[in-house]
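Observations on the model geometry
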Protein chains: 2
Amino acid sequence: MPATYDNVVRVSGHAEAPRLAAKAPRIEMVAQLAGVSPITVSRALRQPEKLSEATRRKVLEAVERSGYESNPHARALRSGRSTLVAAFVSNILSQQFGLAIQGLAAELEPEGYELMIGQTSYSYAKEVAMVRSLRSLRPAAVMFTGVIELEENRQALRELGIPVVETWAFPRDPIDMLVGFSNVDAGAMAARHLIEKGYRRLTFIGRSGGRGALRLQGFREEAGRSGLTLARIVTVDEVQSIADGRTALTTLLAEGGPVDAAFCANDLLATGAVIEARARGLAVPSDLAILGFGDNDAAGEIAPGLTTISMDAHDLGRRAGELLRARLAGQEPQHAIQSLPLHLITRGST
Amino acid sequence: MPATYDNVVRVSGHAEAPRLAAKAPRIEMVAQLAGVSPITVSRALRQPEKLSEATRRKVLEAVERSGYESNPHARALRSGRSTLVAAFVSNILSQQFGLAIQGLAAELEPEGYELMIGQTSYSYAKEVAMVRSLRSLRPAAVMFTGVIELEENRQALRELGIPVVETWAFPRDPIDMLVGFSNVDAGAMAARHLIEKGYRRLTFIGRSGGRGALRLQGFREEAGRSGLTLARIVTVDEVQSIADGRTALTTLLAEGGPVDAAFCANDLLATGAVIEARARGLAVPSDLAILGFGDNDAAGEIAPGLTTISMDAHDLGRRAGELLRARLAGQEPQHAIQSLPLHLITRGST
DNA sequence: TTGTACGCGTTATCAC
DNA sequence: GTGATAACGCGTACAA
């Protein structure tokens, strides 16, 4: 059956609608309109404080009237600085990363920066390719939802000479700026909570490398401080969906042996684990307690509600944007290394 | 308590790691290395067929040796073409849009295009601002997860003279290329399913404009063909989370009057509705049937599983990428207007 | 405070 | 098939 056409509503006469000339106006035309030289127009936009009040107003009005926007390529070529900010996420589908990008965009877009987004898919090879492309793209700044592990990439990023913000972890030696949190602390917080609640046979479900490994480390160490050894560890590859959490719990249970509680390195895994546990007739938390990380949208909605460790991802992105903005404005931010607090959100699953 | 440092593992010696010079080499240096003029280097990279075999090999070897990558800003300034592809999504947090972007990236990144992502937040004002910025950014192509409604923006996009793909609807008059599906058909499919199942007092929950209105139209028309009038319509503003679905169902129930089934314009709403219904002690589907759209990750995992209308968003993005690639390679794609099939996925909620 | 002259790195155009 | 020249649109450096 052929598709029915959608009669999409066409709207016209929007207040802010552009009346765009076929060709974008150039600085020269605006200058003529305002009766000044091109460089004065440039200054009105970049260094308005250097112009007299009268000139500035005259020029800005001409800019408004003509709908002028400077050509970012010409600007980048001449000044060596572009308005492109590159953001790299491990997985564009992650809700947490999405929130961080929204926070970043909220800070940077009003300043006239454009956001370029790349997905590294947790792959070194992709990370290498992207860092390489940065050299010729010459973005104004770079943000990663994560930290760079490859030494060569760290070096390459330093040599770019542009502001770099890493996030989502709290390493001793960030490349440049950092808005992170301690994954080791997150793991410890998880262990402490479960132990306080009386659980003793603890397990961990998460990726084997990167932040998963750090959360496991904190989890294991804190358990050790109470004289406990982890009952079991289930490692997973890339986590894309709730289904991966169901699979992971199946693996955990298939391995046999008694288990009280599972700390899942993210809420997608934890949500899947809760759903799978209940589907198998296990009571959560009395048969198996489940603790997540990240406070996803769905975490509070399932039954029982997922106890999880939360971090404000939107705020993380916003702060990263603040740091970049300051640097790009030529200031040195006061707190170039920040760690965000983690919060335990207690719901029914533990 | 101060944050504990994460001892992030540092990796070096990665096979593909870049050995980058501090300053990017320019075309002039490569030309000297190869003993040719700069324009010959340019041709070796852009129109290799115009050079003799020997010259081409000589130049490409020099490119390799120096690690040269052309400056995209200079290239864009001079040629009017960039390697940036702009993609606009209504909401970056949407799983469906994320999948489409992944599909698009999978097609375009291997070809050397960079993806720039903007979020319009369902706002005309933002759409206007973004379209305006495109004029000077001169992207190679543009993709929207949606169709452009503002006549002025449609005109502006046409005048850019670059390939444009619209998606997610099936209008009669796309700006340029289209990989869409019929939202009217989706609504009709929903009504047909619910009516076949025996439900008679049908309601709709969704946004009042755009695709929501189209799905409502199809839903209402198909109900009308069975002599049914919709029992109620609940309109919502921007949908960000499952919680919005819970709120919407609360509104629906508060308005009183008997209701058999609700068609929610997306799965976030539908998932929230199922959860809220059950929280209120309603049996799904016997007290209230709920049908969604989009087949989100969580849709199959809640209890009862959500019956929903699915469309392959990753495939949509991939096809959009294919169309753009063809156009950018100077070919005219055979199927510049495509509609994707919709599938009813029957689970327990209806 | 404003203007003039020039160059950023590349490619279009035309000549050989 | 290859090269010389100029130009893309802007902002730096310096002059007035």
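Along each chain, residues carry numbers from 1 onward, in the same order as the chain's sequence is written. Chains carry letters and ligands carry numbers; both start at the beginning, A for chains and 1 for ligands, and go up in the order they are written. Totals for whole chains, interfaces and linings use all residues, but because this is a predicted model, local features are given only for residues with pLDDT of at least 70 and pairs of side-chain atoms are given and counted only at 80 or more. The basis for every side-chain value is the complete set of non-hydrogen atoms in the structure, without hydrogens or water.

Within an unreviewed UniProt entry, the label attached to chain A reads LacI family DNA-binding transcriptional regulator, and the organism entered is Bosea spartocytisi.

**Some remarks on the protein's contact with DNA strand C**
The criterion for a residue being near a molecule or strand is simple. One of its heavy atoms has to lie within 4 Å of it. Taken together, 23 residues lie near DNA strand C, and Thr40(A), Thr55(A), Arg78(A), Arg26(B) and Ser42(B) sit nearest. The separation between a phosphate oxygen of DNA strand C and a polar side-chain atom of Thr55(A) is 2.2 Å. For DNA strand C, a phosphate oxygen lies 2.7 Å from a polar atom in the backbone of Ile27(B). Among the secondary structure elements, those contributing two or more residues to the surface near DNA strand C are α2 (38-46) and α4 (72-79) of chain A together with α2 (38-46) and α4 (72-79) of chain B. Among the elements that line the surface near DNA strand C, the one with the most residues is α4(B), at four residues. Charged residues are taken to be Asp, Glu, Lys and Arg, nonpolar residues to be Ala, Val, Leu, Ile, Met, Phe, Trp, Tyr, Cys and Pro, and polar residues to be all remaining types, Gly included. For the surface near DNA strand C, the class distribution of residues is eight nonpolar, eight polar and seven charged. Nitrogen and oxygen atoms within 3.5 Å of one another constitute a polar contact, given that in protein one can donate a hydrogen and the other can accept it, and given that sequence-neighbouring residues count only through two side-chain atoms. Secondary structure follows DSSP: runs of H or I at least 4 residues long count as helices, runs of E at least 2 residues long count as strands, and numbering of each begins at the N terminus.

**Focus on helix α12 (residues 313-328) of chain A**
Structurally, the α-helix is built with 3.6 residues per turn, so residues lying three or four positions apart point the same way. Residue and element names in this part refer to chain A. Expected helix span is given by 1.5 Å per residue-to-residue step, counting one fewer step than there are residues. Given a rise of 1.5 Å per residue, 16 residues ought to cover 22 Å, and the 22 Å separating the end C-alpha atoms of α12 matches this to within 8%. Throughout, a contact is declared for two residues whenever any of their heavy atoms are within 4.5 Å. Buried residues along α12 sit against β1 (84-89), α5 (95-108), β3 (141-144), β4 (164-167), β5 (177-180) and β11 (337-339). Capping the start of α12 is the job of one residue whose side-chain oxygen sits 3.2 Å from the backbone nitrogen of His-314: Asp-312.

**Re the sheet that holds strand β6 (residues 202-207) of chain A**
Residues and elements named next belong to chain A. At least two DSSP bridges between two strands are needed for those strands to be called paired. The mixed open sheet is built from six strands, whose spatial order is β7-β6-β8-β9-β10-β12. Each edge of the open sheet is held by one strand with a lone partner, namely β7 (232-236) and β12 (343-345). For this sheet, the mean angle separating the axes of adjacent strands, direction not counted, is 20 degrees. Sheet topology places β6 next to strand β8 (residues 261-264); four bridges connect them, and they run parallel. Note on β8: the bridge partner recorded for Leu-202 is Ala-261. Sheet strands touched by helix α8 (residues 183-196): β6, β8, β9 (289-293), β10 (307-310) and β12. Its angle to β8, the strand with the most contacts, is close to 160 degrees. Between the N-to-C directions of two axes lies an angle of 0 to 180 degrees, each axis being a line fitted to C-alpha atoms and, for a helix, fitted only over the stretch in contact. Contacts between helix α9 (residues 210-225) and the sheet are confined to β6, β7, β8 and β9, with β6 contributing the most and set at about 165 degrees to the helix.

**Things to note about the UniProt feature "domain: HTH lacI-type" (unreviewed entry) in chain A**
UniProt positions are given in the numbering used here, feature names are shortened, and annotations may be inferred rather than shown by experiment. In the numbering adopted here, UniProt assigns the feature "domain: HTH lacI-type" (unreviewed entry) to residues 25-79 of chain A. Here residues 25-79 of chain A is 71% helix and 0% strand, with 20 Å between the C-alpha atoms at its ends.

**Examining the pairing of β7(A)**
Successive residues of a regular strand alternate their side chains across the two faces of the sheet. Residue and element names in this part refer to chain A. Alternating positions in β7 separate cleanly, Arg-232, Val-234 and Val-236 being buried on one face and Ile-233 and Thr-235 remaining unburied on the opposite face. Pairing geometry for β6 and β7, over five bridges, is parallel. The residue bridging Phe-204 from the neighbouring strand is Ile-233, located in β7. Three exposure classes are used, based on accessible area relative to the maximum for each residue type with a 1.4 Å probe and protein chains only: buried under 20%, partly exposed in between, and exposed over 50%.

**Examining the protein's contact with DNA strand D**
Neighbouring DNA strand D are 23 residues; Ser42(A), Tyr68(A), Thr40(B), Arg43(B) and Thr55(B) lie closest to it. In the environment of DNA strand D, a phosphate oxygen lies 2.6 Å from a nitrogen or oxygen atom belonging to the side chain of Ser42(A). Sorting the residues of the surface near DNA strand D by element identifies α2 and α4 of chain A together with α2 and α4 of chain B as the ones contributing at least two each. Within the surface near DNA strand D, the residues separate by chemical class into eight nonpolar, eight polar and seven charged.

**Observations regarding the pattern of salt bridges**
Residues and elements named next belong to chain A. The salt bridge criterion pairs a side-chain nitrogen of Lys or Arg with a carboxyl oxygen of Asp or Glu, the two atoms within 4 Å. This model, assessed by the stated rule, comprises 44 salt bridges over all chains. Salt-bridge contacts for Glu-53 lead to Arg-56; the nearest nitrogen and oxygen are separated by 2.5 Å. With Glu-53 and Arg-56 both in helix α3 (residues 53-66) and three residues apart, this pair spans about one turn of that helix. By relative accessible area, Glu-53 is classed as partly exposed at 43%. With a closest N to O distance of 3.8 Å, Arg-65 and Glu-61 form a salt bridge. One end of the pair is Arg-65 and the other is Glu-61, both in helix α3 and four residues apart, which spans about a single turn. Since its relative accessible area comes to 47%, Glu-61 is described here as partly exposed.

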